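One-letter residues, chain by chain:
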Amino acid sequence: MARYLYRLAKASFRHRRVVLAAWLLLLVLLGVGAATLSKPTSDKFTIPGVEAQRAIDLLSTKFPGASANGAQALVVFQAPSGKEVTGAQQQAAIENAVTRLGTLEGVSGASDPFKSGAVSADRTIALSTVSYPVQPSQLTAAQRDALVAAPQAARSAGLTVVVGGDAVVPNNGPGSTELIGVVVGAVVLAITFGSLIAAGLPLLTALIGVGVGLAGLFGISHWVELSSTAPILALMLGLAVGIDYALFIISRYRHELISGIEPEEAIGRAAGTAGSAVVFAGLTVLIALAGLSVVGIPFLTVMGLAAAGTVAVAVLIALTLLPAILGFAGRKIVSGRIPGVRRPDHDEDAAGARPSLGRRWVAVVTRRRWPAVLISVLALGLIAIPVTSMRTALPDNGTAAPGSPQRQAYDLIAKGFGPGVNGPLTVVLTGPAGGTVAAAGALSTQISALPDVLAVQRPVPNRAGDTVLLPVVPKSGPSSEQTTKLVSRIRALAPQLQAQHRSRLYVTGATALQIDVSNRLTSALPVYLVVVIGLALILLLLVFRSILVPVKATLGFLLTIGSTFGALVAVYQRGWLAGLFGVAQTAPIVSFLPIIVIAILFGLAMDYEVFLVSRMREDFVHGDSADEAVRSGFGHGARVVTAAAIIMTSVFAGFIFASDDIIKSVGFALAFGVLVDAFVVRMTIVPAVMSLVGRAAWWLPRWLDRALPNVDVEGERLLAELAPDGRELEPV
C-alpha cells in the first residue's frame, strides 16, 4: 500500500492545479445539489418491527384519523390567582382561542377542554391538544409562529397560556459552537508547527472536506430521511479527523523537507508512511461507524453512514488535495515563523539536542512502568463508578430546560392533572368486528386494576368495529421506570385476550414508542460490539502483525469507555458540576447516545493507537530494540498526537454549549473520551505496557505471519526500495 500512496501523492503534487480544480468543482456541484434537493431533517426515533411502530402502521390503515405519530402541541391555560377557567370570561376566552387554533394551517384538530374533560379538579388549569398529521420536522417556522400567537386573546384576558409539545420545537441544525474548536485548533497548530502556513493548511483542507461531506449529505436527503443530529455528528467528525489526518501527513512532510529531501519526493514519502497510517486509522473509524447498520435501526444506520461519509472524504482529501496544496506551498511550509513560538526540533536524535517533552515523558513512563499502569487504571476505574447507576431513555418535555415553553407546559400539566397526562398510552385492539368492542370493555376493567394507572378513558372504535383505541393515562411521567413497567404489564395481557376474544393487543403512543426504541438499542449494543470489535481486531492484526497489540488496544478502550460513561452520568444524570457545563436539567442518558459514543470513540481510539504504535513498529523493524523502539517511536509521534488530541477535544467540546441537549451530551462524552484515551490510555498505559512486554509485543505465529498479507503500514519496503538520491520507484 505504501508504494501506491507514494505514487498517488506525487501525482497529486505534480498535477496540483487539476486536483485542486476537481475538488472545488465537486464542492460546487454538491453545493448546488444540496440547495435544490435537500429536505428537512426529522426527529423521528422509530424502529420497524417494534410493537409500538407496528401499531402506528396498523392505525394508518384502520384508523387514519388517529394521527398516532403526528406532531402535537399542548396548549395549557391557567386562570389568574383567585379565579377559575370555568368562569364566564375565562371560558369564553379559552373557547375562542381553541377555535382559532383549529383553523390554523395544517392543523387536523384542536380539542375543547370543556368538552373533552381536560380541566383540572380545582378548575384552575385547562388543556387543549392541537394535532397535526405530519411530523414535527415538517412544520414550517411560520406554522410554529402562528401556533404560539393564536391564543393571544386568552393572554389578553388575563390567562397564562403556555404552548408546549413537539410541534413548537424548532429543527436543530449546525450552529456556531463549532467555531470554538476551529479557533483552538488554529492556535494548537500554530504552536505545533511554529508556522502560519503549516498551521493554516490542515484547517483549509478540513473545511473543504466538511463542505463536500455536508453538501453531499444534504443532497441525498431528497431520497433518504436524515435525523436532525446526523449533519451535526458529521460536522463534528469531519472537522476533527480532517484536521488530524492533515496534521499527521504535514508533520512527516516537514520532517522530510528538513532532512534535505526535495518537496515532491518528500510528499511521496510522507504519504507512503504517515499516509498509510491515516488510511488504516480512517478504516477503523469507518468500520466503527458503518457497523451501526448491523443493528437494524434506521436512524442509527443513517447517522453512522453520514458520519462515515465525512471521514472517508477526510481521508481522500488528505491523500490527494493536501499533496496538491503542498505543491503550491513548496518549501514555504517550513518558513513563515510565528514570533514567540518555538519551532519543533526535528533533529532530536542528534548529539546534544534537547529532549522534547514527549521524550522526557516516555522516559519516565518506561522507567516507572508498573506505577504508571496501576495509577492510570485505578484513576479511570474510580471515574467509571457512576456508570453503575446509568439510566437511558429518550428525551421528553420533562427533561427540557427549566423556563422553556416545553418544560413550562409539562409542569403545568403535571400540576393540574398528574405527570402521566404528559405521556398517555394508546392501547390498540384489533380483531373480529363487534367482538373487539366487547373485548375492549373487559380489557378496560383489567387495565384499571393495574398499578400506576390514573385513568382508562372510554374505548373509541373505528367505523368497521374491528379496531378499538383505548387511551390509558399513567400516574407517572413518560420517562419513569413505573411507566415502563406499566407498558410491560399491559402487554402481558395479550395472550389471554387473544385466547378469549381472538383480538390482538398493542400498546403505542409516543411514550410506548420511546420505551421500545430504548429497549431495542440496549439489546443491539452487544451485537454491535461483537461485530465491530471483531473486524477492528482483524484490521489491527494486519497493520501491526502482532497478537498482543490489537488485544491491548481493545482492553485500553474498555477503560476509556467506562470512564467516559462514568463522567457522563456524573454530570448529566446526577448533576455534578452541572453549572460548569451548562446543564440546566438532569435526566437519564439519551438511549442512542451510548452506542453512538462507543462507535466514534472506538474509531478515534484506534486512530491514536495506529499513529503512535505504527511509529514504534517502524523503528523496531528498522533495527531498534523493543524498548528503544517504544521510546523513539513515542518521541517522534508524541508532539503530533498531542496536538491532534487537543484539537479533536476542542472541536467536540465546542458542542457542549450548543442549544440542543442531545448535542451537548454527545459533545461532552466525545471530548472527555478523546482526552482520556489520548493522554491516559495511549500516551501512558500503552508505552508502559509495551515496555513491560518487550519483544513479545511483536510476536506473531509463523503460520499466521505467512498467511497474512503484508500491508507495509510503516513503509519499510518503500523506504528500502528508494534510491539514496530519492529517485522515483520504477513502475510495478
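The structure reproduced in this document is the subject of the present report.

Here is what the cut-offs are and how they apply
Residue positions within a chain follow its written sequence, with the count starting from 1. With pLDDT at 70 or above as the cut-off, local features in this predicted model cover only qualifying residues; side-chain atom pairs require 80 or more to be listed or tallied, and sums for whole chains, interfaces and linings still use all residues. No hydrogens and no water enter the side-chain calculation; it runs on all heavy atoms of the structure. Helix and strand definitions here come from DSSP, where helices need a minimum of 4 consecutive H or I residues and strands a minimum of 2 consecutive E residues; each element is numbered from the N-terminal end. We compute the radius of gyration over the C-alpha atoms and compare it with the globule rule, which gives 2.2 Å times the number of residues raised to the power 0.38. Residue burial considers only the protein chains on display, and all accessible areas are found by Shrake-Rupley using a 1.4 Å probe. Any pair of Phe, Tyr and Trp rings, taking the six-membered ring for Trp, is counted once the centres come within 6.5 Å. Such a pair is stacked with planes under 30 degrees apart, edge-to-face with planes over 60 apart, and tilted for the rest. Burial classes follow relative accessibility: with a 1.4 Å probe on protein chains only, a residue under 20% of its type's maximum area counts as buried, one over 50% as exposed, and anything between as partly exposed. Charge over a ring is defined by NZ of Lys or CZ of Arg lying within 6 Å of the ring centre and within 35 degrees of the ring normal. If DSSP finds at least two bridges between two strands, the strands pair. Pairs of N or O atoms within 3.5 Å make up the polar contacts considered here, provided that, within protein, one atom can donate a hydrogen while the other can accept it, and that residues adjacent in sequence are counted only when both atoms are side-chain atoms. Two residues qualify as a contact provided that any one of their heavy atoms is within 4.5 Å of a heavy atom in the partner residue.

Looking only at helices and strands, one finds 25 helices and eleven strands in the chain. Its C-alpha atoms give the chain a radius of gyration of 30 Å, near enough to 27 Å, the size a compact globule of 732 residues would have. Expressed as lengths along the three principal axes of its C-alpha atoms, the size of the chain is roughly 95 × 50 × 45 Å. If you sum the accessible surface of the chain, you get close to 29,000 Å²; carbon and sulfur atoms cover 62% of it.

Under the criterion given, the structure shown has eight aromatic pairs. Between the aromatic rings of F620 and W698, the centroid separation amounts to 5.8 Å while the plane-to-plane angle is 25°, which identifies the pairing as stacked. With a gap of 78 residues between them, F620 in helix α21 (residues 593-621) and W698 in the loop between α23 (661-693) and α24 (702-707) connect regions that are remote in the sequence. Here F620 matches W698 in class, with each residue buried. Here the aromatic residues Y572, F581, F668 and F672 are joined through ring pairs into a cluster of three or more. Above the ring of F13, the side-chain terminus of R16 is found at 5.4 Å from the ring centroid. In this structure, R16 packs its charged tip against the face of F328, placed 5.8 Å from the ring centre.

For the rest of this paragraph, the subject is the sheet that holds strand β1 (residues 72-78). In space, the four strands of this open sheet follow the order β2-β3-β1-β4, with antiparallel pairing throughout. What marks the edges here is a single partner per strand, and that holds for β2 (109-110) and β4 (160-164).

Within the secondary structure, T467 sits in strand β9 (residues 467-474). With a relative accessible area of 0%, T467 lands in the buried category. At 3.4 Å, the side chain of T467 and the side chain of D466 are in polar contact. With sequence-adjacent residues up to four places away left out, T467 is seen in contact with L59, K62, F63, V428, L429, T430, V460, P461 and N462.

The subject of this paragraph is the environment of A126. Examined against the element boundaries, A126 turns out to sit in strand β3 (residues 125-131). For the pair A126 and L469, spaced 343 residues apart in the sequence, the C-alpha separation amounts to 23 Å. Setting aside residues up to four positions removed in sequence, A126 forms contacts with V75, V76, F77, V85, I94, P113, A118, V119 and F417.

The next subject is the environment of G282. Tracing the chain through its elements places G282 in helix α11 (residues 263-290). G282 sits 41 residues away from V241 along the chain, and the two C-alpha atoms are 8.4 Å apart. When residues no more than four places from it in sequence are discounted, the contact partners of G282 are Y245, V311, V315 and D607.

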